Protein chains: 2
Amino acid sequence: VFAERVAVVGTGLIGGSVAMGLRSAAPNLRVTGFDHDDAALKEATRRGALTDAATSPAHAVEGADVVVVAVPVDRVGESCRELLPGLGDDAVVTDVGSAKSRVVEEAQAVMGGRFVGGHPMAGSERHGMSAADPRLFDGAWWILTPTSQTSSTAYARVSSMVGLLGATPIALSPQTHDDLVARVSHVPQLTASALVEMAGASADRETLLGLAAAGFRDVTRIAASHPGLWAGIIKSNHEAVLDALGRLRAELGSVGRLIEEQRWDDLEAFLEGARRARLEVFAKPDFGGEPIALWMMVPDRPGVLAEVTTAAGRLGANIEDLRIVHSTEGGRGRLELVIAGADRAQELTDALTELGYLVEWGSPE
Amino acid sequence: VFAERVAVVGTGLIGGSVAMGLRSAAPNLRVTGFDHDDAALKEATRRGALTDAATSPAHAVEGADVVVVAVPVDRVGESCRELLPGLGDDAVVTDVGSAKSRVVEEAQAVMGGRFVGGHPMAGSERHGMSAADPRLFDGAWWILTPTSQTSSTAYARVSSMVGLLGATPIALSPQTHDDLVARVSHVPQLTASALVEMAGASADRETLLGLAAAGFRDVTRIAASHPGLWAGIIKSNHEAVLDALGRLRAELGSVGRLIEEQRWDDLEAFLEGARRARLEVFAKPDFGGEPIALWMMVPDRPGVLAEVTTAAGRLGANIEDLRIVHSTEGGRGRLELVIAGADRAQELTDALTELGYLVEWGSPE
């Protein structure tokens, strides 16, 4: 296993599910936990999510190989400062926040390249330890956001943990991640709430609510999510959210103009385009394909890992596994990447060759 | 039963489901059908939705007591003109269009008070006869939109048919209906499409699509609906849609301002308000309550029925049943309404008393 001891700081829905998932996948693993809310910590212990409950963040992380900071996204920096005194020299740290640029910057300022940002693409409109589920991440993508500072050990260890939880690690730069989630998650969230408000602003509220068919139910389901959590997420990603919100308002503005000008064929074409895109999204829930291993010798210096994973992220190639074996000759290491699908592997090979790497490929070892 | 013979003009998802639902609830009923698309008509016959397939709208409606016009909403008027030559003197006609003001105006211009507008609040992103389902309307609301012209026979007969399909008839004025569905259905539909377009407008499309978690899936599900059908619906309700779209854009604008001004507490309050409203919507899926019958003597003149059902609609009272027995003395009739819930019944009694009616109430007969 990737670790003997994992610490989970924050035992809410995500932290609790991580702890339970790890306990279920690796029964010998020690999982230490802390939460500022006593009741949540007790519930985590009661449900068998933790082997040990700690009395402070610093105590929780003592002796841990991997620390998962699973607090609300606007409190990750603060949590990193709190746990730092207990952190062992070899420990690596990750978080699960829904926005990454600010969090990663802040956490790396505290603890350097041993921090790698993470964001599991799974959740629920429910929250808290009581909603935790060891299979929450099964089949989900789990974004990791290495930067030029990130150590390869941190990336590899966190990536192994993610795999053990049944999720697929995907490397993206923090900024790319933030732009994408603003569009695919944060702005849809705000829009669901705005739709509820728009629909409900009526004297005839009950009749209106009765008219709400399955479509409205689906569109607004996420509006029932935790307001405090979401205000924190939006705060942590506000530049990207404002940008995406501006794009959405522009889209709605041009739809409004089509209607005002009674351009029904153009309206139909707009709906048809969106329909095709929507079908495309969920016809391709993952990239799939046979696993292909790529090997290359890399200089043993900071930034190499980020260069490689960023190239992969830009191509949309899914890094299923990543390992670095440091050469005994010093100064160089052998990097192994596993990519899903031969087409993707070829594209990534081309990109890496252009960056000056000599890439070999074959079946994963 | 309310009829011996029903004609369904247009055997798509809704018309096909109406036909199948009626056949299943009343096996002795004759259900005649027509569709401009031969394949749809054949499929309807093959699935046992129809007892007879006709070669024209006028032929389909010959001898029918109730005619259900289940064509796209922008073609209801045309369809009414086509079927008129075959319509018997006592036949009543309804439609299933998602917008009502224009449709009702046009249809009543063709055939007067025997037409009562209808809109079942059930559907699917699938379409066509192949997706038809006899239980599609089970437990759903079915809006009926009587006007001052509507005959009480037409309302009562269509309302009985709706009940037989397992749906609950609700009376609203065409304009109220249109305002409400614009907000609860038409604008959410356009918004789902706009969100897909906003999210997908990216070089990094596949990665983005992979990031789409359950929330995005829910919010955009209806964007996969039939573009031609929806362009027609929006066209038929464009004034109300533009108004609701303006309200949504204003909501999104004020959310954007909260973010720009970093007013995180206000943003949380906004999300909290929407959350409460959302939970409220689906905590009250129907009005429920024991059935209460109201009786009153009414003058036998046009407009009385609309006056009563409009009063009920304004209060959000659900008319579960409505019957008029014409007095042999002439000039007056006895109206019976069944309302769900004693509170609603009392409110409606008060409203009707103010309108000058003498209302008695008790258990339904």
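Residues numbered from 1 in each chain as written. Chains lettered and ligands numbered in written order. Predicted model: local features only at pLDDT ≥ 70, side-chain atom pairs only at ≥ 80, totals over all residues. Heavy atoms only, no water.

**Let's talk about the overall build of chain A**
Here is step 1: Regarding its fold elements, chain A presents 14 helices and 12 strands.
Here is step 2: For chain A, the residues scored as buried account for 58% of the 365 residues in total.
Here is step 3: Long-range pairs, those at least 24 residues apart, make up 73% of the contacts in chain A with a sequence separation of at least 6.
Here is step 4: For chain A, the exposed surface amounts to about 14300 Å²; the carbon and sulfur share of it is 47%. (Helix = DSSP H or I, 4+ residues; strand = E, 2+ residues; numbered from the N terminus. Buried < 20%, exposed > 50% of the residue type's maximum accessible area, 1.4 Å probe, protein only. Contact = heavy atoms within 4.5 Å. Areas by Shrake-Rupley, 256 points an atom, 1.4 Å probe, with all protein chains shown as cover.)

**A closer look at the relation of the copies chain B and chain A**
Here is step 1: Between chain B and chain A, the superposition needs a rotation of 180 degrees and an axial shift of 0.0 Å, giving an RMSD of 0.1 Å. In short, the pair behaves as if placed about a two-fold rotation axis. Of the C-alpha atoms belonging to chain B, the one lying closest to the rotation axis is found on Val219(B), 2.0 Å away.
Here is step 2: When the interface residues of chain B are mapped onto chain A, 100% of them are again interface residues, pointing to one common binding face. (Least-squares fit on C-alpha atoms with pLDDT ≥ 70 in both.)

**Digging into the sheet that holds strand β5 (residues 92-95) of chain B**
All names here are of chain B.
Here is step 1: Read from one edge to the other, the open sheet built from 8 strands follows the order β3-β2-β1-β4-β5-β6-β7-β8, with strand pairing classed as mixed. Strands with a single pairing partner mark the edges of an open sheet, and in this sheet they are β3 (52-53) and β8 (168-171).
Here is step 2: Two strands pair when backbone bridges link them, and strand β2 (residues 30-34) and β3 are joined in this way by 2 bridges, in the parallel orientation. In the strand pairing of β3, Thr 32 is matched with Asp 52.
Here is step 3: Across the sheet, helix α4 (residues 76-83) touches β1 (5-9), β4 (66-69), β5 and β6 (115-120), and the angle it forms with β4 is around 145 degrees.
Here is step 4: Taken strand by strand, helix α5 (residues 101-111) contacts β5, β6 and β7 (141-145), and its axis lies near 150 degrees from that of β6. (Pairing = 2+ DSSP bridges. Axes fitted to C-alpha atoms, helices over the stretch in contact; angles between N-to-C directions.)

**Overview of the packing of aromatic side chains**
Residues and elements named next belong to chain A.
Here is step 1: Summed over all chains, the structure comprises 2 aromatic pairs over all chains.
Here is step 2: Here Phe 137 and Trp 142 contribute two aromatic rings whose centre-to-centre distance is 4.9 Å and whose plane-to-plane angle is 55 degrees, an arrangement assigned as tilted. This pair shows no difference in class: Phe 137 is buried, exactly as Trp 142 is. (Phe/Tyr/Trp six-rings, centres within 6.5 Å; stacked < 30°, edge-to-face > 60°.)

**Examining the pairing of strand β7 (residues 141-145) of chain A**
All names here are of chain A.
Here is step 1: For β7, a buried count of 5 out of 5 residues is recorded, marking the element as mostly surrounded by other parts of the structure.
Here is step 2: Where burial is concerned, the two faces of β7 agree: the one with Trp 141, Ile 143 and Thr 145 and the one with Trp 142 and Leu 144 are both buried.
Here is step 3: In the sheet, strand β6 (residues 115-120) pairs with β7 via 4 bridges, with the strands oriented antiparallel. Directly across from Pro 120, in β7, lies its bridge partner Trp 142.
Here is step 4: Across 4 bridges, β7 lies against strand β8 (residues 168-171) in parallel orientation. Within β8, the position partnered with Leu 144 by the bridge is Ala 171.
Here is step 5: Following the chain from β7 across helix α6 (residues 152-164) to the adjacent parallel β8, one finds a crossover that is right-handed. (Right-handed = clockwise from strand over helix to strand, strands pointing away.)

**Quick look at the nonpolar core**
Here is step 1: Core analysis: the biggest nonpolar cluster contains 106 residues, and Val67(A), Ile259(A), Leu267(A), Val67(B), Ile259(B) and Leu267(B) have the highest contact counts within it.
Here is step 2: Setting aside residues no more than four positions away along its own chain, Leu267(B) makes contact with Leu190(A), Ala231(A), Ile234(A), Val255(B), Leu258(B) and Ile259(B). (Core = buried A, V, L, I, M, F, W, Y, C linked by side-chain atoms within 4.5 Å.)

**As for the side chain of Thr94(A)**
Here is step 1: Along the chain, Thr94(A) turns up in strand β5 (residues 92-95).
Here is step 2: In this structure, Thr94(A) is in contact with Val67(A), Val68(A), Val69(A), Phe115(A), Val116(A), Gly117(A), Gly118(A), Val158(A) and Met161(A), ignoring residues within four places of it in sequence.

**Side note on the confidence of the model for chain A**
Here is step 1: Per-residue confidence for chain A gives a mean pLDDT of 87, with 88% of residues at or over 70.
Here is step 2: The complex prediction reports pTM at 0.70, with the ipTM value standing at 0.71. (pLDDT = per-residue confidence, 0-100.)

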